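Topology and contacts: notes
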Amino acid sequence: QVQLVESGGGLVQAGGSLRLSCVASGSISSINAMGWYRQAPGKQRELVATIKTSGGSTKYVDSVKGRFTISRDNAKSTVYLQMNSLKPEDTAVYYCNAQSIVVLFTTRQYDYWGQGTQVTVSS
């Protein structure tokens, strides 16, 4: 079991910045990767950024490349999303995600989600 708690959301003006934090607890040793998703009203949830626990490779959705940076602190089981040059289109609920791999008789993948944190960017 993994529990995730996000923080850092809020209301900012276009061009501003926010840093989201996600702290994982529980069976954190099983976490293979962590990331951020977002869902705007009436829109499909989309992947924003991911980072692997080992190696630190990252991926970003094209719309945030150059503006957002995902980082990690494995010792603290924490992932951050630095959001710069925010646009109104970035307005959404941002969810932290943790992917866990458990190998027993077979390989099982689990996805854990935080409660979400609202990011609102005004024009």
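The coordinates are above.
A brief look at the structure comes next.

Rules used throughout
- Residues numbered from 1 in each chain as written.
- Predicted model: local features only at pLDDT ≥ 70, side-chain atom pairs only at ≥ 80, totals over all residues.
- Heavy atoms only, no water.
- Helix = DSSP H or I, 4+ residues; strand = E, 2+ residues; numbered from the N terminus.
- Rg over C-alpha atoms; globule rule 2.2 N^0.38 Å.
- Buried < 20%, exposed > 50% of the residue type's maximum accessible area, 1.4 Å probe, protein only.
- Contact = heavy atoms within 4.5 Å.
- Areas by Shrake-Rupley, 256 points an atom, 1.4 Å probe, with all protein chains shown as cover.
- Lys, Arg positive; Asp, Glu negative; His and termini not counted.
- Charge placed at Lys NZ, Arg CZ, Asp CG, Glu CD.
- Phe/Tyr/Trp six-rings, centres within 6.5 Å; stacked < 30°, edge-to-face > 60°.
- Lys NZ or Arg CZ within 6 Å of the ring centre and 35° of its normal.

1. Points about the overall build of the protein chain
Helix and strand counts for the protein chain stand at 0 helices and 11 strands. Relative to its length of 123 residues, the protein chain is compact, with a C-alpha radius of gyration of 14 Å against a globular reference of 14 Å. Projected onto the principal axes, the alpha-carbon positions of the protein chain cover approximately 50 × 30 × 25 Å. Looking at the protein chain as a whole, 38% of its 123 residues qualify as buried. Taking the contacts inside the protein chain whose residues are at least 6 apart along the sequence as the reference set, 53% of them involve residues at least 24 apart. Counting every atom, the protein chain has about 6700 Å² of accessible surface; 49% of that belongs to carbon and sulfur. For the protein chain, the centre of its 12 positive side-chain charges and the centre of its 7 negative side-chain charges are spaced 4 Å apart.

2. A word on the packing of aromatic side chains
What characterises a pair of aromatic rings is the spacing of the ring centres plus the angle enclosed by the ring planes. Following the criterion strictly, the structure yields 2 aromatic pairs and no others. With centroids separated by 4.9 Å and ring planes inclined at 70 degrees, the aromatic side chains of Tyr37 and Trp113 adopt a geometry described as edge-to-face. Taken together, the residues span a long stretch of sequence, with Tyr37 in strand β4 (residues 31-39) and Trp113 in strand β10 (residues 107-113) at a distance of 76 residues. Classification of Trp113 as partly exposed rests on a relative accessible area of 31%. Across from the ring centre of Tyr37, 5.4 Å away, lies the NZ or CZ of Arg45, which sits over that ring. Between Arg45 and the ring centre of Trp113, over which it is positioned, the NZ or CZ distance is 3.8 Å.

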